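# Reading the structure
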Amino acid sequence: MSRSGDSCQNTWCSARGSLEAPGLPHGLCLRLGLEFALVRSWPSAHIHAGPCRWRGSAGHGGSMRNRSVAFFPDPATFTAWCNSHLRKAGTQIENIDEDFRDGLKLMLLLEVISGERLPKPERGKMRVHKINNVNKALDFIASKGVKLVSIGAEEIVDGNAKMTLGMIWTIILRFAIQDISVEETSAKEGLLLWCQRKTAPYKNVNVQNFHISWKDGLAFNALIHRHRPELIEYDKLRKDDPVTNLNNAFEVAEKYLDIPKMLDAEDIVGTLRPDEKAIMTYVSCFYHAFSGAQKAETAANRICKVLAVNQENEHLMEDYERLASDLLEWIRRTIPWLEDRVPQKTIQEMQQKLEDFRDYRRVHKPPKVQEKCQLEINFNTLQTKLRLSNRPAFMPSEGRMVSDINNGWQHLEQAEKGYEEWLLNEIRRLERLDHLAEKFRQKASIHEAWTDGKEAMLKHRDYETATLSDIKALIRKHEAFESDLAAHQDRVEQIAAIAQELNELDYYDSHNVNTRCQKICDQWDALGSLTQSRREALEKTEKQLETIDQLHLEYAKRAAPFNNWMESAMEDLQDMFIVHTIEEIEGLISAHDQFKSTLPDADREREAILAIHKEAQRIAESNHIKLSGSNPYTTVTPQIINSKWEKVQQLVPKRDHALLEEQSKQQSNEHLRRQFASQANIVGPWIQTKMEEIGRISIEMNGTLEDQLNHLKRYERSIVDYKPNLDLLEQQHQLIQEALIFDNKHTNYTMEHIRVGWEQLLTTIARTINEVENQILTRDAKGISQEQMQEFRASFNHFDKDHGGALGPEEFKACLISLGYDVENDRQGDAEFNRIMSVVDPNHSGLVTFQAFIDFMSRETTDTDTADQVIASFKVLAGDKNFITAEELRRELPPDQAEYCIARMAPYQGPDAVPGALDYKSFSTALYGESDL
């Protein structure tokens, strides 16, 4: 700075009041050295049309009254400062002495820099009109608390340069300097505090004043580096080179920050105490240059916070939609498989279907149960976060609501239950069919073996050449055949009945069964007709026949039934059986024992029949009667009877062995039933007890929410630790199914009941934990204290008389009254209560959950971001415009959030729109309302 009367052109003179006007677009700082408090002394000052100079010998610390001052500020500087503001209104001035004389542009300048409207100016050209306009401007300045000394409208209208410049300096002091404030401190103290905070992290910088703290130039460089680090290489600066430091800061500020060089480095370094006002004025240029960046940073941070919440919520919504779609698609694919009721032809194929179903229950379904539970938890957490961030509730896509998933799951479980029942019934049906088919084949084979040759025998015309005795023998033989035929009638009826049952049970080989049965029935009808025809033929020749041997006849009559009895006994002894309980096999064993008890009587009947045959031979031999060698009345010889009797004797122990094996099998099945029942009767009540305990825990929660959450998680771990007992029960149930055991009288619990109970238990504890976690989110986000949360819980539980976890309207009203809300039974109270109910029960279900109660109480006591706040933040970034451009968003916001806004903001349609203008107001409103964002 110039000393001893040297020229101070382009610098500030060291005098009080050295300040600069904020917001100058080209960094025009006023090169003035005189506080306007001395304006009234200007008429006596020595003024010349050159650079301002000091005249006199007063020192820097002397009083201005003791100085002789010649001050004439550079009009070009004031002109440029005025034009920097007038250009905003589309005009400018050329001559500061002349262009303000009519008062019009002076009033316009005040409107631009203050942002307020002045009284309507007078447009006349007369002197009185101009004086009136200037007085309106001076009155406005005075209304802002500025005392105008020795400045009148007439001097301005007359073009008095001194008064005009003094008035402009007054305007600069009031509107550019006075408003600097940091934390409610004055301009000087506020500016000092701002400098201290900005330079605090820098070494060798300690700003304590506006004179010697700035001599080494490091403080200027620190201010620039703090806000624009790319412009200054601060680590390369040296404290012992102040001139280089100062010039570096001045040149960077002038080139990149539009702050002109107002100080001289050599003057500052060469002065023991640099001028305080000059330093303040120059530093204030930095304050105004960087204050806008601070506002933009604050606004950008607010927008980033809001957008981050919105992006996170959108990510959660996309996750929900994806998980819901996958789960619903799995349900959609699985239900048709479970609803497929096409029966298989063999029991092996049906057992494979049953094994596939077991794999589905053990392998495929459990992960989907977990996905469904996690999906509900994610949905509840998302809705809680949306409420806490003052966003509208999430509405999933059509068909993907939680209720849609629950409906689909219910349909799945119904189909699953029906599918398992169908599989078991179909296996029983196929077992029954296999048993009936085998029985049909055995009886048909026996009948076909019996009928073999019978038609030929009945068609034989041997009676035409037979003797009388032969004829009578043929008649007796035919009577025996008819007796045998009648005995076989029951077997034919059984064969037809079995075939009919196979048709009713939809046996896969019914065609062959029906063909064979029809053939047997047709043959049986033919045998009946042939038998009748042969009887009629024999009766015609009966008179020609002699008596036959009664012993042979008696033998035949007794041998035939006995032979049929042995055939039936062999058939029964070889008959297949199927039982499912120990009682059924014991019934078969009892019937078999009863059959064995009749064998001695049968043996005596056999010996009696054989005795008849022996007696006939003895009589014939004794009477020299020549026998034909066989009984003419029957084909059942003693050899046949003995052979079949031996066969019966061999089949009896085999039947004993088969029955004992089945008895052992049923005893093993009974053991499996009792083993499963023992475990199920422990696991089932345990699950039921845990469900009741969870219900009590959710109502009687004590301690902090974190304590409750830890307690619930420990409780959940204890439940999960019980899983091996369920696995053991699954293993026992699998053994029961593999043994084809279909009922269990020892327990009322089925594996399906146990599975459903276990899934409900896991889902209930998970939901209870999620409810507490959401309460913690609500408490932390809303700033609710633990005591308030406990008070809310205590009030809610007090009025939840049935411990159902929800309050009816009357219970909720009583709870509100207890908390101090005025919802008494009058018009005003009813209206307030209806408003509250619309908030806590938007679906009009008639119930208020504890989570809805907490959300309401938290909204009553806390505040959140609003759409108006976001709009105000965008307006700061847009420079007070009604729109914002993509370039401004990319400059002020992080890249991902800037592109997020650009992609979602609608084009701005206002009258002041420019190409590429974006509507940030509709975008901000959409963040807090119904939107497609």
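Residues numbered from 1 in each chain as written. Predicted model: local features only at pLDDT ≥ 70, side-chain atom pairs only at ≥ 80, totals over all residues. Heavy atoms only, no water.

Taken residue by residue, the protein chain gives an average pLDDT of 79. The fraction at 70 or more is 84%. Of all helices and strands in the protein chain, the one with the weakest mean pLDDT is strand E1 (residues 53-55) (29), whereas helix H7 (residues 218-227) scores best (94). Note that residues 1-74 has pLDDT below 50 and, in this model, 184 contacts with residues that lie over four places away or in other chains. Confidence drops under a pLDDT of 50 for residues 544-548, and excluding neighbours within four residues, the segment shows 18 contacts in the predicted structure. (pLDDT = per-residue confidence, 0-100. Helix = DSSP H or I, 4+ residues; strand = E, 2+ residues; numbered from the N terminus. Contact = heavy atoms within 4.5 Å.)

This next bit is on the side chain of Asn770. Position of Asn770 among the secondary structure elements: in helix H22 (residues 751-782). Given the relative accessible area of 3%, Asn770 is considered buried. With near-sequence residues (within four places) excluded, Asn770 lies in contact with Ile377, Asn380 and Thr381. (Buried < 20%, exposed > 50% of the residue type's maximum accessible area, 1.4 Å probe, protein only.)

Below, the discussion takes up the UniProt feature "coiled-coil region" (unreviewed entry) in the protein chain. The sites that UniProt annotates as "coiled-coil region" (unreviewed entry) are residues 471-505. In this annotation, residues 471-505 is assigned 97% helix and 0% strand; the end-to-end C-alpha distance for the span is 50 Å. (UniProt positions renumbered as here; feature names shortened; annotations may be inferred.)

Before going further, it helps to spend a moment on helix H8 (residues 242-256). Taking 1.5 Å of rise per residue, the 15 residues of H8 would be expected to cover 21 Å, and the 21 Å separating its terminal C-alpha atoms lies within 8% of that figure. Every buried residue of H8 is listed here: Pro242, Asn245, Leu246, Asn247, Ala249, Phe250, Val252 and Ala253. Just downstream of H8 lies Asp258, where phi reads positive at about 60 degrees. (Expected span 1.5 Å × (residues − 1).)

It is worth spelling out the packing of helix H24 (residues 809-818) against helix H25 (residues 827-840) at this point. With their axes 11 Å apart at the nearest point, H24 and H25 run at an angle of 110 degrees to one another. Here H25 runs roughly perpendicular to H24, going by the angle between their axes. Crossing handedness for the pair H24 and H25: right-handed. Counting all contacts with H24, which are made through Pro809, Phe812, Lys813 and Leu816, the residues of H25 involved are Asp830, Phe833, Ile836, Met837 and Val840. Partitioned by chemical class, the residues of the contact of H24 with H25 number seven nonpolar, no polar and two charged. (Axes fitted to C-alpha atoms, helices over the stretch in contact; angles between N-to-C directions. Parallel < 35°, antiparallel > 145°, perpendicular 65-115°, else oblique. Left-handed = near helix turned anticlockwise from the far one by under 90°. Nonpolar A, V, L, I, M, F, W, Y, C, P; charged D, E, K, R; others polar.)

Among the secondary structure elements, Cys304 is positioned in helix H10 (residues 276-339). Looking at Cys304, the relative accessible area reads 16%, which means it is buried. The residues contacting Cys304, other than those within four sequence positions of it, are Leu893, Pro894 and Gln897.

Before going further, it helps to examine the pattern of salt bridges. Overall, the coordinates contain 45 salt bridges when judged by the stated rule. A salt bridge links Lys385 to Glu312; the nearest nitrogen and oxygen atoms lie 3.1 Å apart. Of the two residues, Lys385 is situated in helix H11 (residues 347-388) and Glu312 in helix H10; the sequence distance between them amounts to 73 residues. Taking relative accessible area as the criterion, Lys385 reaches 24% and is therefore assigned partly exposed. Here Arg558 makes a salt bridge to Glu605, at a shortest N to O gap of 2.9 Å. Here the residue Arg558 occupies a position in helix H16 (residues 550-574), and Glu605 occupies one in helix H18 (residues 599-622), the gap between them amounting to 47 residues. (Salt bridge = Lys/Arg side-chain N within 4 Å of Asp/Glu carboxyl O.)

With that settled, consider the packing of aromatic side chains. Following the criterion strictly, the structure yields 23 aromatic pairs and no others. Ring geometry for Phe562 versus Trp565: centroids 5.7 Å apart, planes at 20 degrees, classification stacked. Separated by three residues within a single helix, Phe562 and Trp565 lie in helix H16, roughly one turn from each other. The buried category is assigned to Phe562, whose relative accessible area is 5%. Taking relative accessible area as the criterion, Trp565 reaches 29% and is therefore assigned partly exposed. Ring-pair connections join several aromatic residues into one group, and the members of that group are Phe210, Trp214, Phe220, Phe250, Phe286 and Phe290. Lying across the ring of Trp450, Lys454 places its NZ or CZ 4.9 Å from the centre. The side chain of Lys813 reaches across the aromatic face of Phe833, ending 4.9 Å from its centre. (Phe/Tyr/Trp six-rings, centres within 6.5 Å; stacked < 30°, edge-to-face > 60°. Lys NZ or Arg CZ within 6 Å of the ring centre and 35° of its normal.)

Looking now at the nonpolar core. In terms of nonpolar packing, the biggest core is built from 48 residues, with Ile719, Trp758, Phe812, Leu816, Ile836, Val840 and Phe853 touching the most fellow members. Elements with a minimum of two residues in this core: helix H19 (638-699), helix H20 (705-721), helix H21 (723-738), H22, helix H23 (786-799), H24, H25 and helix H26 (850-861). Among the domains, domain 3 (659-695 + 716-766) and domain 4 (792-857) are the pair contributing at least three residues each to this core. Other than its neighbours up to four places away in sequence, Ile836 contacts Phe812, Leu816, Tyr821, Val823 and Phe856. (Core = buried A, V, L, I, M, F, W, Y, C linked by side-chain atoms within 4.5 Å. Domains from an automatic or database assignment.)

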